[in-house]
Amino acid sequence: MEFDDSSVPIFVARQPIFDEYQTVWGYELLFRQAQDAATANVTDEDAATSMVIADGLTLALHGMSQDHKVLINFPGRLILKDAPLALPKDRCVVEILETVEPSPEIVASLTKLKELGYTLALDDFVGQSGFEPLIELADIIKVEVLDLTRHEIFELRNRLALSGKRLLAEKVEDKETFELTKSL
């Protein structure tokens, strides 16, 4: 009997997300090609997300508190194909990649997810215009602060504070930035 040896191992990084008290709030699941890979080399966003959903979610949830949320990146094509519906809405947050354009079809798909009770997060937001429809739908806006000045972080926070959305600072690399974003 021959066995199909075409299976490819996948690795899922579980990056912690902390609240303002440095307590784990949840985890972002990140696709990796190798066990020792520090970053992803994703050539097919759809395949990477599909592998995280199909194989990585079960592995990642093992040993994780039921209270912790799990954020999973979704490219536009998978949002349009209703792929997030495969996830448990009480545990998983649909993370809208920064490459997703807010077309009427995307907005309709995301609206459907919201109506079904899914939590949505907008990824890697740095203040770019044109994303107002996604900001309106998102429950969480992940603000990438790495390349922003203190003034830009403050201004962006003030702009987004009007939306009433939960803000999540990402790529916080030092104590000074942590303290600044915590204070905001």
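Residues numbered from 1 in each chain as written. Predicted model: local features only at pLDDT ≥ 70, side-chain atom pairs only at ≥ 80, totals over all residues. Heavy atoms only, no water.

**Q** So what's going on with the confidence of the model for the protein chain? Which residues, and what values?
**A** Per-residue confidence for the protein chain gives a mean pLDDT of 83, with 78% of residues at or over 70. Confidence, read as mean pLDDT per element, is least for helix α1 (residues 45-61) in the protein chain (62) and greatest for helix α3 (residues 104-115) (97). This stretch, residues 1-5, has a pLDDT under 50; its non-local contacts, to residues over four places away or in other chains, come to zero contacts. Note that pLDDT drops below 50 for residues 37-42; the model gives that stretch 10 contacts with residues more than four away or on any other chain. (pLDDT = per-residue confidence, 0-100. Helix = DSSP H or I, 4+ residues; strand = E, 2+ residues; numbered from the N terminus. Contact = heavy atoms within 4.5 Å.)

**Q** Which residues make up α3, and what are the values?
**A** For α3, which comprises 12 residues, the first-to-last C-alpha distance of 16 Å matches the rise-based estimate of 16 Å (1.5 Å per residue) to within 8%. When we look at burial in α3, the residues that qualify are Ile-106, Ser-109, Leu-110 and Leu-113. Within α3, the buried residues cover an arc of 95° as seen down the axis, which keeps them to one side. Looking at α3, the residues exposed on the side facing more than 90 degrees away from the buried face are Pro-104 and Glu-115. Buried positions along α3 lie against α2 (76-80), β4 (92-96), β5 (119-125) and α4 (132-137). Looking one or two places after α3, you find Gly-117, whose phi comes out positive at around 95°. (Expected span 1.5 Å × (residues − 1). Buried < 20%, exposed > 50% of the residue type's maximum accessible area, 1.4 Å probe, protein only. Arc of directions from axis to C-beta.)

**Q** Break down unusual backbone geometry for me, with residues and values.
**A** Despite not being glycine, Gln-22 has its phi angle at roughly 65°, a positive value. Position of Gln-22 relative to the elements: it lies in the loop between β1 (11-18) and β2 (24-32). Since its relative accessible area comes to 49%, Gln-22 is described here as partly exposed. Its identity as a non-glycine residue notwithstanding, Asp-124 has a phi of 50°, on the positive side. Its place among the elements puts Asp-124 in strand β5. Since its relative accessible area comes to 14%, Asp-124 is described here as buried.

**Q** So, the packing of aromatic side chains: which residues are in play, and what are the values?
**A** Evaluation of the coordinates by the stated rule reveals zero aromatic pairs. For Arg-14, the ring lying beneath its charged end belongs to Tyr-27, and the centroid distance is 4.7 Å. (Phe/Tyr/Trp six-rings, centres within 6.5 Å; stacked < 30°, edge-to-face > 60°. Lys NZ or Arg CZ within 6 Å of the ring centre and 35° of its normal.)

**Q** Summarise the pattern of salt bridges; cite the residues concerned and give the values.
**A** According to the stated counting rule, one finds nine salt bridges in the structure shown. We note a salt bridge from Lys-114 to Asp-139, for which the minimum N-O separation is 2.6 Å. With Lys-114 in helix α3 and Asp-139 in the loop between α4 and β6 (140-144), this residue pair connects regions lying 25 residues apart in the sequence. For Asp-139, a relative accessible area of 26% gives the class partly exposed. We note a salt bridge from Glu-144 to Lys-171, for which the minimum N-O separation is 3.5 Å. Of the two residues, Glu-144 is situated in strand β6 and Lys-171 in the loop between β7 (166-170) and α6 (175-183); the sequence distance between them amounts to 27 residues. Assessed through its relative accessible area of 38%, Lys-171 is described here as partly exposed. Among the ionic contacts, a cluster of salt bridges with common partners joins Glu-28, Glu-95, Asp-123, Lys-142 and Glu-170. (Salt bridge = Lys/Arg side-chain N within 4 Å of Asp/Glu carboxyl O.)

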